[in-house]
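Structural overview
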Amino acid sequence: MPDTRPDPDQLLARLKQEQAQAQRGKLKIFFGASAGVGKTYAMLSAARSLKQQGMGVLIGVIETHGRAETEALVEGLDRLPLKEVLHKDRTLKEFDLDGALKRKPQLILVDELAHSNAPGSRHPKRWQDVEELLDAGIDVWSTMNVQHLESLNDVVTGITGIRVWETVPDRVFDETDEVVIVDLPPDELLKRLKEGKVYLPQQAERAVRNFFRKGNLIALRELALRRTADRVDDEMLQYRSTLSTTPVWQTRESLLVCIGPGERSEKLVRGAARMAAQLDVPWHCIYVETPKLQRLPDAARHRTLRVLKLAQDAGATTATLAGHAMARTIVKYAHEHNLSRVLLGRSTGRKTHPWRATLADAVGALGHDLDVIQIALPASQRDERKSAPANDNTEGTAMLPKAWRAYLWSAAVCGLVACLMAPLHSVLDTANIVMLFLLAVVYVAVRFGRGPAVMAAFLSVGAFDFFHVAPRFAFSVSDAQYLLTFAVMLVVALVIGQLTAGLKFQARVATLREERVSALYKMSRDLSGALMAEQIAEIAARFLRSEFEARSAIMVSDLQARVMPALPQPDLPVGIDTGIAQWAFDHAETAGHGTDTLPGSPLLYVPLKAPMRVRGVLVLEPRNPKRLIGPEQRRLLDTCASLLAISLERVHYVEVAQSTTVQMESERLRHSLLAAISHDLRTPLAALVGMADTLALSRQPNDPQGEMLVSIRESALRMNAQVNNLLDMARLQSGQVHLNLQWQALEEIVGGALRAMTGTLEPGRVRVVLPEDLPLLHLDAVLFERVLCNLLENAVKYTPTNSPIEIGASASSDRVRLTISDQGPGLPKGREAAIFEMFERGHKEGTTPGVGLGLAICRAIVEAHSGTIHGKTRPQGGAQFTIELPRGTPPSIDDIEDVAAS
C-alpha cells in the first residue's frame, strides 16, 4: 500500500504560507478580452452588493469613460479624492495611494491595473500601488484586459497589429486570489460599440476599423478564456498538492508516457506526440531509473537521454525519476501532476509468462483511476534483448555481460566467508555463523547491488547447509527443522539485500542532488557579490568546469545589441564563432552542439535571458559532450544561465545608475557654471552697449570711427543675446520657468514674433499662410514667440539674403501643426535630431555666429507645452521645422462670461 501520510516539511511550509497570506489583503481581478466587455460594470455591481451587506467599500479610482450605465453605479459609493500631480506644467489626477493607506478600508476598488502612473508618483505602475495596498492588509478589486499580460503582449501585437505598452507581469495575475472572467460575444461587443456604449461615435468608428475587428475579438476572447483556464488548472494542482493522496480528477485531458532504455522508445515518444497533437493536450515523458537500470551500459544510458531530448523537443515535459518500483513511481507521478492517461509500450515479438505481471498490469492495479494505453512496439534485435531491458518497460531484464564480474565477486565473497567459517564450526554457535553469512550478503548488496545480493543469499544458505549442518559436507539434512532455518535465513538474506541495495541507490541519488544544489548555492552566493562582468565570467567558469567538465566563456552585448568578444579569462574555449553567438542572442535560442541549429559546431551557445532582455551568450566547450544531453543536466545548465543573466543585468543597472548619477551631477555643475558666468557677463555687456550708444551720440558727423562704434554695439548685443540664451536654457532645465498658459490665437503669436524680428528680417521676406479656422491654443505667448524668433533667426543665418521664408499651419482633430520653411542648404544628413541638443550646430565648418542653443531652447519650450518639434530637409531643398501642439478644448463664451461675472 502506498504511504498516504503527509510530508511534515510540506505541512510546515504550508502553515507558514497560510499565515503570511492571512496577514495580506486579497486581490480580485475582473478579467476580460478587451475594453467594453463590462469589467468595470461587473466590479461596481459586485461592490454595491457587498455594501448592502454592510461591508466598507471605497472607490480608489474608477475610469467610466463617460458611460452612463457605469457612472450610475458609482453613485452612493464612497469615493477617495484623486491626487493632483504636476507634470510639465500640466495638472494630472492620479490615484492617492497615501490617502488609501491612511483610510485603510476593508475593500478598495482600483480600476485599470495596467495603468502607468504620472511621473513623480511613488510607483511607475498602478499594479505596484495595488501590491502596497495588499501588503497593508487591504483587499483590492481591479480590472484588466488580456492584452495587458506581459507574456501575451507580443501575441496580441501579432494578432491586432497594435502594440500595447502598458503591461502587467504574469506573476501578479498568477498570484491573484480570485479571477472573474467577464465575457461578451464579439457580435454583442460590436453592437455596443455602434450604439456608443463603449466609445464616442467618432472613436468607435475608428476602433471598429482597427483594433475591434471581429477576427481580433474572437482571437482575444480565446486567449482570455485559455489563460483563465490555465490559471484554474494551476489552482487545482496546487490544491491537490495540499492533500496527501487523491485520485486523478478528469478536469483536463493529459498524457503521461514512460520510456525504457531501448531504441524502440523513440516510436513510443513519436506516437505520444502525435496523440497529444491530435487531442491538443499537454503531455509528460518520464524515465524511471530503478536500481536494476543503474547497471545499463553507457550506450543504453545515452540512448535514453536522446529519447528524452526528442520528447522535450516535441513539446513534452520531461523528467528522470528514481524509484524502487517502476509502476508505483509512475502512478505517483501521474497523481501529483493530475495526468489521466498513461501510455506504455507493448512488445509484439516477446513471449509473455502468465506468472509475470506486465508493467501495464501493475500500473492498472495501483492506479485504478488511470487510463492505461499500450502502443504496439516492433520486436527488438537479438543483441538488444541481451544487452538492455525491453521497451515495454516490463520489470524483467536480461543480465548484462558487464555485470557478470559483480556476480563473480559475490560468489568469491561467499566462498571466502564459508572457508573462514569452516574451521570455526566447533568454536562459534550456529546463530553467530548465520549472522556472519548475513553480513556477507549485506556487504555484497552495498558493494555490487541487488542482483549479486540475491545470488549471495542463495550461496550463503547453501554454504551454511554444506559446512555447518549435519551431516556436514553434504547437502542432505538430517533434522527437518533446519529446513525452516534455511527458509528464514534465505528470506532474511533476500530482504536485507534488497533493502541495502535500495538504500544505497537512494543515498547515491540524494548525494548527487545535494551536490548540485550546493554548487548552485555557492555560485549564486558568489554572484551576489560580483560587481563586474569579468567576475561573473570567472565564477561561471569555476562552476561549469566542476559540474560539466567544460571550458566556458561569456559574451555580453553592447547598446546596439551586438555580441562583443568573450570576456577575458584564462582557458577560453577554442574556435568561438561570433556569428553563431549573434544568432543565439538575436533569436534567444540555444545553438551549436546538440541543437537543431548548426549542430556540427563543437561549442554550445546558450543565450543569457534576463527578466528585461537577453544580456549575452554563454559559450561551452565540454570535454564530454554527452554530459549535456540529459534533461537533468540541461535544467542545471538553464538554471546556471538564468543566474548569470540576472547577475549581468544587475551589474548593468549598477553601471547605469552610477553613470546617471555622474551625468546628473555634471549637468548640475554645468548649469550652475553657465548661470554664474551669464550673470557675470550681463553687467559688463550692458555697460559696453551703453558706452557705445553714448559715444555714437557724441561723435561728429563724418567721424571715421562711426562704423567701429556700430560694430562694437552690434557685437555686444549679439553677445548679450547668447548670454540670455544660456540663462534661459539653465532656467528651463532646472524647472524654474513656470508657464503662463492662456488661450491664444496663433496669428497673434506669429505677428508678435515678426514684429520682434523687424530689425533682422528684410521687409516682405516672410510669407505667412494661416487658415482662418485655426483653433485657440493653450500657450505661454512670450515663450512661444521666443521659439518662433529663434527659428526665424536660424533661417536668416543659414539662407541666402532675400530668399523667402514660409510660415504655415494646419489643424487636425487633436493636433495643430505649425511649419517654418526656408530655401537654404537644409539640415545635415543624419543629424536631424542631434541639432536640437545643447551646443550642437548644423554646419560647424561655417562662419555663422552662434553657440548652438537656439534649437535646444525651442525644443525645451515646445515639450513644456506637451508638444513636439522636429526638422527635415525638403525634397525641393531647404529646411523645414515642424511644431505639433495638442489642440485642447477652448472655453465657450458662456464659460468666459460666467468667469467674468464671478
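This is a predicted model, so every value here is computed, not measured.

Remarks on the packing of helix 16 (residues 404–421) against helix 18 (residues 450–468)
As a packed pair, helix 16 and helix 18 sit with axes 9 Å apart at the nearest point and diverge in direction by 25°. It follows that helix 16 is roughly parallel to helix 18 by the angle criterion. As helix 16 packs across helix 18, the resulting crossing turns out to be right-handed. Across from Ala 406, Tyr 407, Ser 410, Ala 411, Cys 414, Ala 418 and Met 421 in helix 16, the residues of helix 18 making contact are Gly 451, Pro 452, Met 455, Ala 456, Leu 459, Ser 460, Ala 463, Phe 467 and His 468. Tallied by class, the residues present in the contact of helix 16 with helix 18 amount to 12 nonpolar, four polar and no charged.

A word on the packing of aromatic side chains
According to the stated counting rule, one finds three aromatic pairs in the structure shown. Taking the centre distance of 5.7 Å and the plane angle of 65° together, the rings of Phe 30 and Trp 141 count as edge-to-face. Highlighted residues: Phe 30 in strand 1 (residues 27–32) and Trp 141 in strand 7 (residues 139–145), separated in sequence by 111 residues. With relative accessibility at 9%, the residue Trp 141 sits in the buried group. On the basis of an interplanar angle of 50° and a centroid distance of 4.8 Å, the ring pair of Phe 31 and Phe 173 is categorised as tilted. Taken as a pair, Phe 31 in strand 1 and Phe 173 in helix 7 (residues 170–174) lie far apart in primary sequence, 142 residues in all. Its relative accessible area of 0% is what places Phe 31 among the buried residues.

Structural notes on the sheet that holds strand 9 (residues 255–259)
The strand order across the open sheet built from five strands is 11-10-9-12-13, with neighbouring strands paired in parallel fashion. The open sheet has two free edges, formed respectively by strand 11 (317–322) and strand 13 (371–377), since each of these has just one partner strand. Neighbour to neighbour, the strand axes of the sheet diverge by 30° on average, direction disregarded. One ladder, built from five bridges, connects strand 9 with strand 10 (residues 283–289); its direction is parallel. The residue bridging Leu 256 from the neighbouring strand is His 284, located in strand 10. Helix 11 (residues 265–279) rests against strand 9, strand 10, strand 12 (341–347) and strand 13 of the sheet, and its axis sits at about 175° to strand 9.

Thoughts on the confidence of the model for the protein
Model confidence for the protein is summarised by a mean pLDDT of 78, while 80% of its residues fall at 70 or above. The secondary-structure element of the protein with the lowest mean pLDDT is helix 15 (residues 382–387), recorded at 42, while strand 6 (residues 107–110) shows the highest, at 93. Segment residues 382–401: pLDDT under 50, and 57 contacts once partners within four positions in sequence are set aside and those in other chains are kept.

Some details on a nonpolar patch on the surface
A contiguous nonpolar surface patch, about 370 Å² in accessible area, is contributed by Leu 688, Met 691, Met 708 and Ile 712. Relative to the assigned elements, Met 708 resides in helix 23 (residues 706–734).

A closer look at the sheet that holds strand 21 (residues 805–811)
Ordered in space as 19-21-22-24-23, the five strands form an open sheet in which the pairing is mixed. Each having just a single partner strand, strand 19 (766–769) and strand 23 (868–873) make up the two edges of the open sheet. Direction aside, the axes of adjacent strands within the sheet are offset by 15° on average. When strand 22 (residues 815–821) meets strand 24 (residues 879–886), the two strands line up antiparallel, connected through seven bridges. Within strand 24, the position partnered with Arg 817 by the bridge is Glu 884. In the packing of helix 26 (residues 854–864) onto the sheet, contacts are made with strand 23 and strand 24, and the angle to strand 23 comes to roughly 140°.

Reading the values: the criteria
Residues numbered from 1 in each chain as written. Predicted model: local features only at pLDDT ≥ 70, side-chain atom pairs only at ≥ 80, totals over all residues. Heavy atoms only, no water. Axes fitted to C-alpha atoms, helices over the stretch in contact; angles between N-to-C directions. Helix = DSSP H or I, 4+ residues; strand = E, 2+ residues; numbered from the N terminus. Parallel < 35°, antiparallel > 145°, perpendicular 65-115°, else oblique. Left-handed = near helix turned anticlockwise from the far one by under 90°. Contact = heavy atoms within 4.5 Å. Nonpolar A, V, L, I, M, F, W, Y, C, P; charged D, E, K, R; others polar. Phe/Tyr/Trp six-rings, centres within 6.5 Å; stacked < 30°, edge-to-face > 60°. Buried < 20%, exposed > 50% of the residue type's maximum accessible area, 1.4 Å probe, protein only. Pairing = 2+ DSSP bridges. pLDDT = per-residue confidence, 0-100. Patch = residues over 30% accessible without salt bridge, like charges linked within 9 Å, V, L, I, M, F, W, Y side chains within 5 Å. Areas by Shrake-Rupley, 256 points an atom, 1.4 Å probe, with all protein chains shown as cover. Salt bridge = Lys/Arg side-chain N within 4 Å of Asp/Glu carboxyl O.

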